[in-house]
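What follows is each chain in one-letter form.
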Amino acid sequence: VPYHSAEKYLTQLLRAGLKVAICEQTEDPKKAKGLVRREVTEIITPGTITVDSALPTDRENLIVSFHSNGSGTAGITALEFSTGRVTTFEGSPEVVFDMIESLAPQELLLSDATNEATMKRLEQLGAELSKIEDWRFDHDYSEGKIKEYYKIHSLEAFELGERPSAAAALGSLLSYIEEMKFASPLHLSPPRYAEQAEYVYLDAATLRNLEILRPAIGEQKRHSLAGLLDHCQTAMGHRCLGRWLAAPLREIDSIERRLQSVGRLVVDDELRDALFKTLGNIADLERLAGKLGYRKATPRDLIQLKLSLQRLPEIKSFLLNNTSELLESSAAEIPDLSATAARIEAALVDEPPLLATGGGLIRAGYSDKLDALKASIQGAVDFISGLQEKLRRETGIPSLKVGYNQVHGYYIEVTRPHLANVPASFVRKQTLVNAERFITDELKVKEELILAAEDKINALEETLFYELRDQVAGEIEAINRAGRVIGEIDTLFSFAVAARRYGYTRPRMSTGATLEIIEGRHPVIEQLLPRGEFVGNDTLLDTASEQIQLLTGPNMAGKSTYLRQVGLIVIMAQAGSFVPAERAEIGVVDRVFTRVGASDRLAMGESTFLVEMNETSRILNNATPQSLILLDEVGRGTSTYDGLAIAWALCEALHNEPQLKSRTIFATHFHELTELPNLQPRIKNYQVQVKRHRDKIIFLRKVKPGGCDDSFGIEVAKLAGIPQGLTKRAAEILKELETGSFDPIKSRTRSHYVNPNQLALFEQKPSEVEERLRQLRVEELTPLEALNELSELQKLVLQSREDGGSE
């Protein structure tokens with residue numbers, strides 16, 4: 001494909017999950033004998049994309065290498081190739097599988113000797129699978145590759161000495177990258193081990209159930225928590241915000257530093273406005289550093305880099321003066337890259353061409369040799385620029401034109417009506433439909449001089465640009481660091497904008513086990529409703545007195561919303577954001593677990609109920625007294641008694657097992673569970689209030705103490721548009737079930753439900769009493785008229801009974 005169109009085709013191919021081999025000319029066509037030599041210069045894979053238009057700007061594009069040692073331990077290394085961010089982890093296979101799912105990589109690297117069961121599990125994670133030779137995961141080979149690339153003496157430098165699976169994953173990934181890129185990239189950061197004790201680990205189910213990074217399928221991006229809070233001005237900020245929400249902090253001092261910074265930005269309008277204007281002019285420094293590292297930076301990329309680096313001192317000056325501890329330390333961490341910006345400024349013109357091969361990009365005064373070359377042809381250039389006017393005067397041809405194209409070089413063009421006036425010194429060069437093109441001996445001499453010099457100028461400019469790029473690449477680490485710091489500042493700015501816009505408050509963090517939220521709101525749903533319509537609710541969880549909330553109430557009453565908003569408020573607070581509540585005290589959690597909704601994995605042989613039990617098992621095996629557990633129905637996927645028994649036993653285990661005792665909200669329709677508070681002191685009943693009005697229910701959306709003994713399922717079915725005959729019949733059966741008089745045989749003979757979509761030949765017509773009641777305008781009756789009407793209706797009913805009627 002044409003070079004200038006390549007990016008469009010690459011984007012389409014990469015988005016289709018394909019790998020693309022890039023084949024380019026590798027010698028100068030002017031010097032080639034015969035066919036110009038071409039070679040594959042790079043292979044672009046879904047996880048190693050280097051094409052700007054194919055890269056997501058608001059999230060990371062990850063490749064993950066996986067290795068299992070076969071003895072109960074697995075390791076991974078995750079790489080964001082465009083920025084060079086590297087993370088490693090090692091743990092049990094189940095934890096590692098779950099972490100891979102949470103990372104949502106675009107490409108998954110694994111050994112060609114991976115067993116079938118593991119392959120089947122990895123295939124379900126949605127990434128493009130790339131198999132490589134098993135020997136690349138060999139420990140000695142991987143260790144050597146890591147030492148060679150990072151120039152270290154021991155793996156202990158990266159805490160990988162005692163983590164062989166993680167080291168094997170890293171070494172194999174470095175080998176794969178070198179093979180795909182035909183070179184060793186310069187920009188990969190030292191690997192950081194994902195220490196779980198530092199962050200709240202949110203598994204894939206929790207990220208999905210709470211819609212933290214992405215909304216439900218079919219919803220808009222802003223319907224996720226990240227989409228709502230993202231007011232970042234830079235690409236680094238977009239990605240950083242996603243990382244912070246996916247991995248909130250556990251260390252209370254770090255959380256408080258973030259909250260203090262957000263608080264400062266919330267009240268300081270001048271500082272916030274200054275950051276808004278400045279951050280918006282910062283390019284993606286992390287990915288520009290990546291381009292330098294894999295030698296793809298263009299002249300325009302360096303101009304973007306220069307303009308961004310010139311803004312850094314301005315941001316630094318904003319934040320160093322009495323802002324907050326974190327903002328000031330972040331500002332102090334911004335490296336001084338003014339010399340790099342000045343070097344680019346001195347070398348490149350302000351608006352260079354896209355490519356380095358066509359000349360016109362080096363500024364005058366940067367290279368004496370280049371300036372001398374340009375000066376050597378200045379006379380010829382001046383001659384040609386004045387030739388058109390000179391010839392028009394001499395020949396008297398007003399339409400005469402001097403031009404240039406890459407095929408025929410310089411020419412003098414004369415239209416046909418004026419050909420009789422062409423001097424004898426003009427030599428015909430090309431015939432057009434309406435004109436002839438000529439050249440003169442003098443013009444030919446000047447052309448040869450200019451073209452010969454231009455070839456040298458373009459070659460020299462290309463060389464000078466690559467030298468400049470290599471010099472700037474020496475600052476990759478500092479540029480990357482600047483990008484990371486700017487991303488963190490931008491995320492704090494985004495949290496402050498969200499707090500101002502949505503009326504959030506600063507949470508009070510503690511190391512205790514109390515979770516108290518006053519007038520808490522669901523951050524996303526609140527913004528989808530008209531202003532002021534969302535009903536806030538209080539929450540109190542405490543391992544000493546109110547450890548488990550049993551939440552009952554009808555479907556559609558708001559149980560799931562309440563459940564999720566508690567989880568989101570905790571995650572927001574520990575990520576460093578203000579929260580949607582009047583007041584909140586958050587006893588820091590170590591994990592947030594969710595068991596929500598019904599789904600299956602039929603491809604893996606897992607039914608809906610088995611998936612539900614797997615998720616419940618993971619909670620029981622990993623939760624601690626510091627965890628937060630959110631259960632939206634457990635046991636509904638099997639028979640009533642089986643499900644009730646499991647739910648009851650689960651509540652007892654959460655209450656009584658010393659290694660658990662987690663703060664828990666359990667939304668359920670098993671009303672029998674409301675008896676548990678009489679037996680277990682730290683279990684409390686709560687209900688979402690509703691109000692009956694005649695045969696309808698009104699959802700009040702308010703959570704209050706006490707249990708609910710009715711799910712109002714039939715009323716909700718009516719709201720959904722279930723035919724009236726069916727809901728009426730269901731009400732009859734429900735009444736029999738509740739009184740213990742239900743007999744399936746007799747009940748079947750009494751069934752009178754008629755499908756409204758079928759022709760109802762024997763459907764009972766409304767009685768005279770029903771018709772009179774339907775037409776009655778109660779609001780227009782006087783008291784006396786109402787009594788008279790009631791008397792008439794009573795007579796009709798009595799008469800009907802005497803006649804054997806059914807009204």
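If you're wondering where the values come from, they're calculated on a predicted model, not measured in any experiment. (Residues numbered from 1 in each chain as written. Predicted model: local features only at pLDDT ≥ 70, side-chain atom pairs only at ≥ 80, totals over all residues. Heavy atoms only, no water.)

### Comments concerning the packing of helix 14 (residues 338–347) against helix 17 (residues 441–473)
Let me state the cut-off plainly: Fitted lines through C-alpha atoms serve as axes, helices being fitted only where they are in contact, and the angles separating the N-to-C directions of these axes extend from 0 to 180 degrees. Only DSSP runs of H or I reaching four residues or more are called helices, and only runs of E reaching two or more are called strands; each is numbered from the N terminus. Here is the rule for angles: anything less than 35 degrees is roughly parallel, anything more than 145 is roughly antiparallel, 65 through 115 is roughly perpendicular, and the remaining ranges are oblique. The criterion used for residue contact is that any of the two residues' heavy atoms lie within 4.5 Å. In this count, Pro and Cys sit with the nonpolar residues alongside Ala, Val, Leu, Ile, Met, Phe, Trp and Tyr, while Asp, Glu, Lys and Arg are called charged and the others, Gly among them, polar.
Interaxial distance between helix 14 and helix 17 falls to 10 Å at its minimum, and their mutual angle equals 170°. By the angle between their directions, the pair helix 14 and helix 17 is classed as roughly antiparallel. Where helix 14 approaches helix 17, its residues Thr340, Arg343, Ile344 and Ala347 are matched on the opposing element by Leu468, Gln471 and Val472. Broken down by class, the residue content of the contact of helix 14 with helix 17 amounts to four nonpolar, two polar and one charged.

### Some words on the sheet that holds strand 9 (residues 401–405)
What counts is decided by this rule: Paired strands, as defined in this entry, are two strands with at least two bridges between them according to DSSP.
The four strands lie next to each other as 9-10-12-11, forming an open sheet whose pairing is antiparallel. What marks the edges here is a single partner per strand, and that holds for strand 9 and strand 11 (427–431). For this sheet, the mean angle separating the axes of adjacent strands, direction not counted, is 40°. Bridging between strand 9 and strand 10 (residues 409–415) involves five bridges; their strand directions are antiparallel. Paired with Lys401 across the two strands is Glu413, which belongs to strand 10. The strands touched by helix 16 (residues 378–395) within the sheet are strand 9 and strand 10, with strand 9 carrying the most contacts at an inclination of about 145°. The sheet contacts of helix 17 involve strand 9, strand 10, strand 11 and strand 12 (435–439), and relative to strand 10 the element is tilted by about 145°.

### Remarks on a negative patch on the surface
Threshold: Residues enter a patch when their relative accessible area is above 30% and they make no salt bridge; the linking distance is 9 Å between like charges and 5 Å between nonpolar side chains (Val, Leu, Ile, Met, Phe, Trp, Tyr). Only the protein chains shown count as covering a residue, and every accessible area follows the Shrake-Rupley method with a 1.4 Å probe. Criterion for a salt bridge: a side-chain nitrogen of Lys or Arg within 4 Å of a carboxyl oxygen of Asp or Glu. His is not counted, nor are the chain ends, whereas Lys and Arg count as positive and Asp and Glu as negative. Throughout, a charge is located at the NZ atom of Lys, the CZ atom of Arg, the CG atom of Asp or the CD atom of Glu. Three labels apply to residues, based on accessible area from a 1.4 Å probe with only protein chains included: buried if under 20% of the type maximum, exposed if over 50%, partly exposed otherwise in between.
On the surface, Asp112, Asp134, Asp138 and Asp140 cluster together into a patch of negative charge. Along the chain, the position of Asp112 falls in the loop between strand 6 (107–111) and helix 3 (116–123). In this structure Asp112 comes out as partly exposed when scored by relative accessible area, which is 45%.

### Let's talk about the sheet that holds strand 14 (residues 514–520)
Taken in spatial order, the four strands of this open sheet run 13-17-14-15, and their pairing is mixed. For this open sheet the edge positions go to strand 13 (508–510) and strand 15 (537–542), each flanked by a neighbour on one side alone. Direction aside, neighbouring strands of the sheet carry axes that sit 15° apart on average. Bridge count for strand 14 against strand 15 is five bridges, and the pairing is antiparallel. Bridge assignment links Glu516 to a residue of strand 15, and that residue is Leu540. Set on the sheet, helix 20 (residues 559–575) makes contact with strand 13, strand 14, strand 15 and strand 17 (583–587); between it and strand 14 the angle comes to about 110°.

### Notes on the packing of aromatic side chains
Aromatic rings considered in pairs are described by the distance between their centres and by the relative angle of their planes. As a reminder, the rule being used: Planes of paired rings set the category: under 30 degrees apart is stacked, over 60 is edge-to-face and the rest tilted, where pairs are Phe, Tyr or Trp rings (Trp by its six-membered ring) whose centres lie within 6.5 Å. Charge-over-ring placement is defined geometrically: NZ (Lys) or CZ (Arg) within 6 Å of the ring centre, and within 35 degrees of the ring normal.
Counted according to the given criterion, the structure contains eleven aromatic pairs. Relative to Phe97, the ring of Phe66 lies with its centre 5.7 Å away and its plane at 20°, an arrangement referred to as stacked. In this pair, Phe66 is assigned in strand 3 (residues 63–68) and Phe97 in helix 2 (residues 93–103), connecting sequence segments 31 residues apart. Phe97 shares its class with Phe66; the two are buried. Geometrically, the ring pair formed by Tyr404 and Tyr410 is tilted, given 4.7 Å between the ring centres and 50° between the ring planes. Residue classification places Tyr404 among the partly exposed residues on the basis of a relative accessible area of 38%. Here the aromatic residues Tyr149, Tyr150 and Phe158 are joined through ring pairs into a cluster of three or more. When the ring centre of Tyr9 is taken as reference, the NZ or CZ atom of Lys8 above it lies at 5.0 Å.

### Focus: the pairing of strand 12
Consecutive side chains of a regular strand alternate in pointing toward one face of the sheet and then the other. Among the five residues of strand 12, five are classified as buried, and the element is accordingly described as predominantly covered. Neither face of strand 12 is open: one carries Ala435, Arg437 and Ile439, the other Glu436 and Phe438, and all of them are buried. Direction of pairing for strand 10 relative to strand 12: antiparallel, over a ladder of four bridges. Each residue of the ladder has a partner; that of Glu413, found in strand 12, is Arg437. Looking at chain direction, strand 11 and strand 12 are connected through four bridges and run antiparallel. Along strand 12, the bridge assignment pairs Val427 with Ile439. Between the antiparallel neighbours strand 11 and strand 12 lie three residues.

### Section: the state of the cysteines
Rules: To count as a disulfide, a pair of cysteine sulfur atoms needs to be within 2.5 Å.
A full pass over the atoms with the stated rule returns zero disulfides. The structure places no disulfide on Cys232, whose sulfur is separated from the nearest cysteine sulfur, that of Cys240, by 7.5 Å. A residue is classified by how much of its surface remains accessible, and Cys232, at 8% relative accessible area, is buried. Look at Cys240 and you get buried, because its relative accessible area is 1%.

### Describing empty space enclosed by the protein
Quick reminder of the rule: Any residue with an atom within 4 Å of a point lines the site, the site being either a cavity, points on a 1 Å grid over the protein atoms alone where a 1.4 Å probe fits but cannot get out, or a pocket, an open set with protein on both sides within 12 Å along at least 5 of 7 lines. Grid points are joined across faces, edges and corners, and a volume is the space filled by probe spheres set on the points.
Going through the model one piece at a time under the given rule, you end up with one cavity of 30 Å³ or more. For the largest cavity, the calculated volume is near 40 Å³. The leading source of residues in the lining of the largest cavity is helix 5 (residues 164–181), at four residues. Class assignment of the residues belonging to the lining of the largest cavity gives a composition of eight nonpolar, no polar and no charged.

### Side note on the pattern of salt bridges
Considering all chains together, one arrives at 48 salt bridges under this definition. The salt bridge involving Arg239 is made with Asp284; its shortest N-O contact spans 2.9 Å. Here Asp284 lies in the loop between helix 10 (269–279) and helix 11 (285–293) and Arg239 lies in helix 8 (residues 235–246), a separation of 45 residues in the sequence. With respect to class, Arg239 is no different from Asp284; both count as buried. In this structure, Glu615 engages Arg595 in a salt bridge whose closest nitrogen and oxygen atoms are separated by 3.1 Å. Residue Glu615 is found in helix 21 (residues 608–622), and its partner Arg595 is found in strand 18 (residues 592–596); the two are separated by 20 residues along the sequence. Judged on exposure class, the residue Glu615 and its partner Arg595 are both buried. Among the charged side chains, a network of salt bridges with common partners joins Glu60, Arg85, Arg239, Arg243, Asp284 and Glu286.

### Focus: the packing of helix 9 (residues 252–267) against helix 10
Interaxial distance between helix 9 and helix 10 falls to 5 Å at its minimum, and their mutual angle equals 95°. Of the possible angle classes, the one that applies to helix 9 and helix 10 is roughly perpendicular. Across from Leu265, Val266 and Val267 in helix 9, the residues of helix 10 making contact are Asp269, Leu271, Arg272 and Leu275. Residue composition of the contact of helix 9 with helix 10, by class: five nonpolar, no polar and two charged.

### Let's talk about the nonpolar core
Note the following rule: As used in this record, nonpolar core signifies buried Ala, Val, Leu, Ile, Met, Phe, Trp, Tyr and Cys residues forming a set joined through side-chain atoms within 4.5 Å.
Counting 114 residues, the largest nonpolar core has Leu305 and Leu348 as the members making the most contacts within it. By residue number, the principal contributor to this core is helix 18 (residues 476–502), which donates 15 residues. Leu305 has contacts with Leu285, Leu288, Leu292, Ile344, Val472 and Ile479, leaving out every residue within four places of it along the chain. Of all hydrophobic cores here, the second largest spans 43 residues; its members include Phe66, Ile152, Leu174 and Tyr294.

Any functional reading would require information beyond the geometric quantities listed.
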